[in-house]
Amino acid sequence: MSVNIKKVGVLTSGGDSPGMNAAIRAVVRTCAFHNIECAGIYRGYQGMIEGDFKEMNARSVNNIINKGGTILKSARSKEFMTAEGRKKAHQNLVDNNIDALVVIGGNGSFTGALIFNSEYNFPVIGIPGTIDNDIYGTSFTLGYDTALNTVVEVIDKIRDTASSHNRLFFVEVMGRDAGHIALNAGIGAGAEEILIPEEDMGLDRLLESLRKSKASGKSSSIVVIAEGDKIGKNAFELKDYVEENMPEYDVRVSILGHMQRGGTPSCFDRVLASRLGVKAVETLLDGKSNYMVGLIKDEVVLTPLENAVKGKSYIDKELIRVSDIVSI
Ligand code: F6P
């Protein structure tokens, strides 16, 4: 282990996700285990600019493994996008003797980390945290599994009303640029159709599919839509379109929104966070920097941060075929 790193700073940035607290806990305790100091940086990069730091030890992270959100709070800092902001942030790190960073967040957070590293050669490791699961270099991001379970639980409830009233529901889930949540939760909740940003299903196919469902004897239907779906119509516009073309359907819309980002992390997310947190600190202690820790084929692996930022996390197209088959 390298002797250079004596104090690690940890922050959460961008959208919060369940499992971030478990990752903070793992980072803080791995530091304590290896007898190095750890500072929590509040409100992401904005807190770094404002010097909002707090020393943390193993006891500072008691009873947080089961909590959603992030005890360190999160923010999207505009000031960190400026050279002046990053200069202030660097000075604060130096003043507080912090010599390496663990950044828990998504693509935007990693981009900020890379710029900061290129300007100040400051050691940094990323832990992928976003419910969208849209980061290259890991099969799972923190919070994704929990969000899937939340969405499935809610759609199960919506299905009760859909079937009792013979209704069609459009359920909008998160995923501005990625259909992972829509596709997997859609299959898990037995949706008739799933609309995602990666594939343009087309309005004609949607109508045809709904007609087939009706003809096959289904009296209710659930269509899951990712918020960034490629058809380009939001859930309310789709409702209007279907009602115009298929007046026999009684259509309702449910936008699940931020409930998907909150709540108690699943066991999977807690274990993932613990594994990635340990690896993040130990990678820094090994003298490495500019990597993201991730999980591929149940192995914790390192991906250069630049590749994680530039690479694309593709959806599994086989899942579309599976959905088409199991929803007939
Ligand atoms: O965390 C990612 C995400 O959930 C996206 O799917 C969504 O579009 C976005 O966050 C909304 O975030 P906010 O409300 O914080 O801008």
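Here is what the cut-offs are and how they apply
- Residues numbered from 1 in each chain as written.
- Predicted model: local features only at pLDDT ≥ 70, side-chain atom pairs only at ≥ 80, totals over all residues.
- Heavy atoms only, no water.
- Domains from an automatic or database assignment.
- Contact = heavy atoms within 4.5 Å.
- Buried area = accessible area lost by both parts, 1.4 Å probe.
- Salt bridge = Lys/Arg side-chain N within 4 Å of Asp/Glu carboxyl O.
- Polar contact = N/O pair within 3.5 Å; in protein donor to acceptor, adjacent residues only side chain to side chain.
- Nonpolar A, V, L, I, M, F, W, Y, C, P; charged D, E, K, R; others polar.
- Near = heavy atom within 4 Å.
- Areas by Shrake-Rupley, 256 points an atom, 1.4 Å probe, with all protein chains shown as cover.
- Helix = DSSP H or I, 4+ residues; strand = E, 2+ residues; numbered from the N terminus.
- Buried < 20%, exposed > 50% of the residue type's maximum accessible area, 1.4 Å probe, protein only.
- Pairing = 2+ DSSP bridges.
- Axes fitted to C-alpha atoms, helices over the stretch in contact; angles between N-to-C directions.
- Patch = residues over 30% accessible without salt bridge, like charges linked within 9 Å, V, L, I, M, F, W, Y side chains within 5 Å.
- Expected span 1.5 Å × (residues − 1).
- Parallel < 35°, antiparallel > 145°, perpendicular 65-115°, else oblique.
- Left-handed = near helix turned anticlockwise from the far one by under 90°.
- Phe/Tyr/Trp six-rings, centres within 6.5 Å; stacked < 30°, edge-to-face > 60°.

**Q** So what about the domain arrangement of the chain? Which residues, and what values?
**A** Along its sequence, the chain is organised into domain 1 (7–143 + 265–310) and domain 2 (144–261). Its C-alpha centre places domain 1 at a distance of 34 Å from the equivalent point of domain 2. Facing 17 residues of domain 1, the contacting portion of domain 2 comprises 13 residues. A buried area of about 1200 Å², summed over both sides, lies between domain 1 and domain 2, and 51% of it is on carbon and sulfur atoms. Three residues, I131, D132 and N133, lead the burial of domain 1 against domain 2; their summed loss comes to 43% of the area buried on that side. At the surface where domain 1 touches domain 2, the tally comes to 1 salt bridge. Note that D16 and R261 form a salt bridge whose closest N and O atoms lie 3.1 Å from each other. At the boundary of domain 1 and domain 2, one finds 9 residue pairs in polar contact (both at pLDDT 80 or more). Of the residues that constitute the side of domain 1 that touches domain 2, the class distribution is 6 nonpolar, 7 polar and 4 charged.

**Q** Talk me through the site of the ligand; I want residue IDs and the actual numbers.
**A** Around the ligand, a shell composed of R76, T130, I131, D132, M174, G175, R176, E227, H258 and R261 is seen. A distance of 2.5 Å separates an oxygen atom of the ligand from a polar atom in the side chain of E227. In this structure, an oxygen atom belonging to the ligand sits 2.9 Å away from a side-chain N or O atom of R261. For the ligand, the protein covers 80% of the area, taking 400 Å² as the surface of the free molecule.

**Q** I'd like a rundown of the pattern of salt bridges, residues and numbers included.
**A** Summed over all chains, the structure comprises 17 salt bridges. E55 serves as the salt-bridge partner of K7, at 2.9 Å between the closest nitrogen and oxygen. Pair noted here: K7 is in strand 1 (residues 7–12) and E55 is in strand 3 (residues 53–56), with a separation of 48 residues, a long-range link. Given the relative accessible area of 6%, K7 is considered buried.

**Q** So what's going on with the sheet that holds strand 9 (residues 250–255)? Which residues, and what values?
**A** The strand order across the open sheet formed by 4 strands is 7-8-6-9, and the pairing between neighbours is parallel. Here the strands that pair on one side only, and so sit at the sheet edges, are strand 7 (193–195) and strand 9. Strand-to-strand twist of the sheet, defined as the mean angle between neighbouring strand axes without regard to direction, takes the value 20 degrees. Examined bridge by bridge, strand 6 (residues 167–173) and strand 9 share 6 bridges and lie parallel to one another. Residue pairing in the sheet places F169 in a bridge with R252 of strand 9. Packed on one face of the sheet, helix 7 (residues 203–215) meets strand 6, strand 7 and strand 8 (221–226) and runs near 155 degrees to strand 8.

**Q** Go over a nonpolar patch on the surface, please, and point to the residues and values.
**A** A cluster of nonpolar side chains, namely V322, I325 and V326, defines an oily patch on the protein surface of about 250 Å² accessible area. Assignment of secondary structure puts I325 in helix 11 (residues 317–326). We classify I325 as partly exposed; its relative accessible area is 48%.

**Q** An account of helix 3 (residues 83–95) is needed here, citing residue identities and associated values.
**A** In this model helix 3 runs 18 Å from its N-terminal to its C-terminal C-alpha over 13 residues, within 8% of the 18 Å that 1.5 Å per residue would give. Next to the buried residues of helix 3 lie strand 2 (37–41), helix 2 (44–50), strand 3, strand 4 (100–105) and helix 4 (107–120). Just beyond helix 3, the residue with positive phi is N97, at close to 60 degrees.

**Q** Go over the packing of helix 7 against helix 8 (residues 235–245) with me, naming the residues and quoting the values.
**A** Any two packed helices are characterised by how steeply their axes cross, that is the angle between the axes, and by the distance between the axes. Two elements in contact, helix 7 and helix 8, have axes separated by 11 Å at closest approach and are oriented at 60 degrees. The angle between the axes of helix 7 and helix 8 places the two elements in the oblique class. Where helix 7 crosses over helix 8, the two elements pack in a sense that is right-handed. Where helix 7 abuts helix 8, its residues L203, D204, L206, L207, L210 and R211 lie against L238, Y241, V242 and N245. Across the contact of helix 7 with helix 8, the residue classes break down as 7 nonpolar, 1 polar and 2 charged.

**Q** For the packing of aromatic side chains, give the residues involved together with the corresponding values.
**A** Taken as a whole, this structure holds 5 aromatic pairs when the rule is applied. With 4.0 Å between their ring centres and 5 degrees between their planes, Y45 and F80 make a pair best called stacked. On the criterion of sequence distance, the pair formed by Y45 in helix 2 and F80 in the loop between strand 3 and helix 3 is long-range, its members being 35 residues apart. For the pair Y45 and F80, a shared accessibility class is recorded, and that class is buried. Arranged with centres 4.8 Å apart and planes meeting at 65 degrees, the rings of F140 and F268 form a pair that is edge-to-face. Remark: F268 occurs in helix 9 (residues 267–285) and F140 occurs in the loop between strand 5 (124–128) and helix 5 (144–164); sequence separation between them is 128 residues. With relative accessibility at 31%, the residue F140 sits in the partly exposed group.

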